[in-house]
Amino acid sequence: MSKKLFIETLGCAMNSRDSEHMIAELKEKEGYETTDDFKEADLILINTCSVREKPVQKLFSELGVFYKKKKEGAKIGVCGCTASHLGDEIIKRAPYVSFVLGARNVSKITEVLHKERAVEIDINYDESEFAFKDFRTSPYKGFINISIGCDKTCTFCIVPKTRGEEISIPDALIIQEAQKIVNAGAKEIFLLGQNVNNYGRRFSGEHEKVNFTELLRRLSKIEKLERIRFTSPHPFHMDDEFIEEFASNPKICKSMHMPLQSGSSKVLKDMKRGYTKEWFLNRVAKLRQECPEATISTDIIVAFPGESDEDFAQSVDVVKQVKFDQIFSFKYSPRPETEAEHFTNIVDEEVASDRLSYLQALHNEILDEKNAQQLGKTFKVYFEALNQGGFVAGRSDNNLLIKVKGSDELLGQFREVKITSIGRTILTGEILA
Ligand code: SF4
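Definitions and cut-offs
- Residues numbered from 1 in each chain as written.
- Predicted model: local features only at pLDDT ≥ 70, side-chain atom pairs only at ≥ 80, totals over all residues.
- Heavy atoms only, no water.
- Helix = DSSP H or I, 4+ residues; strand = E, 2+ residues; numbered from the N terminus.
- Rg over C-alpha atoms; globule rule 2.2 N^0.38 Å.
- Buried < 20%, exposed > 50% of the residue type's maximum accessible area, 1.4 Å probe, protein only.
- Contact = heavy atoms within 4.5 Å.
- Areas by Shrake-Rupley, 256 points an atom, 1.4 Å probe, with all protein chains shown as cover.
- Lys, Arg positive; Asp, Glu negative; His and termini not counted.
- Charge placed at Lys NZ, Arg CZ, Asp CG, Glu CD.
- Core = buried A, V, L, I, M, F, W, Y, C linked by side-chain atoms within 4.5 Å.
- Domains from an automatic or database assignment.
- Buried area = accessible area lost by both parts, 1.4 Å probe.
- Salt bridge = Lys/Arg side-chain N within 4 Å of Asp/Glu carboxyl O.
- Polar contact = N/O pair within 3.5 Å; in protein donor to acceptor, adjacent residues only side chain to side chain.
- Nonpolar A, V, L, I, M, F, W, Y, C, P; charged D, E, K, R; others polar.
- Near = heavy atom within 4 Å.
- 1 Å grid on protein atoms, 1.4 Å probe; cavity = no way out; pocket = protein on both sides within 12 Å on 5 of 7 lines; lining within 4 Å.
- Points joined across faces, edges and corners; volume = space filled by probe spheres on them.

(A) Molecular detail of the overall build of the protein. Within the protein, the secondary structure is distributed over 13 helices and 19 strands. In terms of overall size, the protein behaves like a compact globule, its C-alpha atoms giving a radius of gyration of 22 Å where 433 residues would be expected to give roughly 22 Å. With the C-alpha coordinates aligned to their principal axes, the bounding extent of the protein is approximately 55 × 55 × 50 Å. Here the protein holds 433 residues, and 55% of them are scored as buried. Within the protein, contacts between residues separated by at least 24 positions form 70% of all contacts whose residues are at least 6 apart in sequence. Accessible surface for the protein amounts to roughly 18,800 Å². Of this, 51% is attributable to carbon and sulfur atoms. Looking at charge distribution, the protein has the averaged site of its 61 positive side-chain charges lying 2 Å from that of its 67 negative ones.

(B) Spotlight on the nonpolar core. Grouped together as the largest cluster of nonpolar side chains are 56 residues, with contacts concentrated most on I189, L191, F212, L219 and F230. Those residues within four positions of F230 in sequence are excluded, and the remaining contacts are F190, L191, V196, F212, L216, F242, F246, I252 and M256. With 21 residues, the next largest nonpolar core counts F6, I44, I90 and I91 among its residues.

(C) Focus on unusual backbone geometry. Of the consecutive residues T231 and S232, the connecting peptide bond is found in the cis state with omega at 5°. Unlike most non-glycine residues, K323 shows phi in positive territory, near 50°. Within the secondary structure, K323 sits in the loop between helix 12 (309–322) and strand 14 (326–331). Overall, the relative accessible area of 32% leaves K323 in the partly exposed class.

(D) Region of the structure containing the domain arrangement of the protein. Examined at the domain level, the protein breaks down into domain 1 (3–120), domain 2 (141–372) and domain 3 (378–431). Relative to domain 2, the C-alpha centre of domain 1 lies at a distance of 28 Å. Here domain 1 packs against domain 2, burying approximately 1,700 Å² in sum over the two surfaces, 54% of which is carbon and sulfur. Summed over the shared surface of domain 1 and domain 2, the number is two salt bridges. R163 is the partner of D18 in a salt bridge, and the nearest nitrogen-oxygen pair spans 3.2 Å. Put simply, domain 1 and domain 2 have eight residue pairs in polar contact (both at pLDDT 80 or more) between them. Listed by contribution, the elements that provide at least two residues to the side of domain 1 that touches domain 2 are helix 1 (13–30), helix 2 (53–69) and helix 3 (81–86). Classifying every residue of the side of domain 1 that touches domain 2 gives six nonpolar, five polar and five charged.

(E) Representation of the site of the ligand in the model. In the region of the ligand, the neighbouring residues are C150, K152, C154, F156, C157, V159, P160, Q194, N195, H234 and R273. Taken together, the residues that form the shell around the ligand break down as six nonpolar, three polar and two charged.

(F) View of the layout of surface pockets. A volume near 380 Å³ is recorded for the second largest pocket. Contributing to the lining of the second largest pocket are 24 residues, with H21, F130, F132, I169 and E177 lying nearest its centre. Broken down by secondary-structure element, the contributors of at least two residues to the lining of the second largest pocket are helix 1, strand 7 (141–145) and helix 7 (171–183). At five residues, helix 7 tops the list of elements feeding residues into the lining of the second largest pocket. Among the residues forming the lining of the second largest pocket, the class breakdown is ten nonpolar, five polar and nine charged. Viewed by domain, the lining of the second largest pocket spans two of them, domain 1 (3–120) and domain 2 (141–372), each represented by three or more residues.

Written as structure tokens, this is what we have:
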């Protein structure tokens, strides 16, 4: 009887890729099969996120539920960013947890499995050249880590404390992984890193200096690879060479995530983001000049300590000027071991909520306006998932989510689609060819 593994993944795409790595190692080396029902699992893993307080709270309530309802003898392991920063405190608060495995120690999963109360959370453990076994959630696209950790010091962010210093993965390993994904029939790869366009600054061993733009060029040479996506680039590293390659390279999907965080240069300074409102808008202008059809998404934090009405108005101004296609917006959440945790000029909670609602309402207005302009347009869609009501969904090159009536025969296929109706998050169309 194969052993059953239940894994829950919280947080970002890098956590999802880490979960795929752990599943691969446990399948290949320990004979586990995955299950969606934690009650029948022999091993329960929760891959955690620490970017805001809420997911941390959620962790302990979930652990309680797992413990009460798990199969006799089943083990529980806590992985990911909260594991890195709480470490053995997790076992103190939940003594039934068998091991704690930090975000940067994924390759040790089969090791800690056989140790009771193991805590492996070295945030600078170097597994950048570890050859993980293969497992992918989707047969149509593959996520690839190109770097781990982050060298920035954004004052609100806990990531450098949970994922450690930035180290790039050798391009040969990345190209090898991309080739495997294409050989398995997928047509799209998704490159992951905290700051992808800072790629190549530091490798584990001796290595030829390859920057992100060059890495994109090398990946584009892979035959049958049709689409390259990536997240997250840092606005500070958006030089002209990068933007021009983005625009001219037919395999690079024309959607760019540009995390703004705040539109106020004063707040950006307090956040230690390394750029100003003017630089950000300059880069957007360059991108739009080189690639008018590109869609732009962003991250915005409202109510960072010291954010005045005027500062917030600067964020609103950038949103009105840029008209983002997607905004991930949040109220500031103080994180342990960050510089901003000790900032005193806290914005009132009610003001924070009002600013967030205002920003989200403004964005929805802009989104409705932009989506309305898509009616009747045609997009080349790559179908990746079945959708309710007999629909199949996929994405355009510039990352619009589009669904058509159809069956699973469309999955993994490209089709020209004409937009026939509009929704805020998904467009509906009919296949032309
Ligand atoms: S760039 Fe800043 S926000 Fe992004 S992961 Fe690094 S420290 Fe965090």
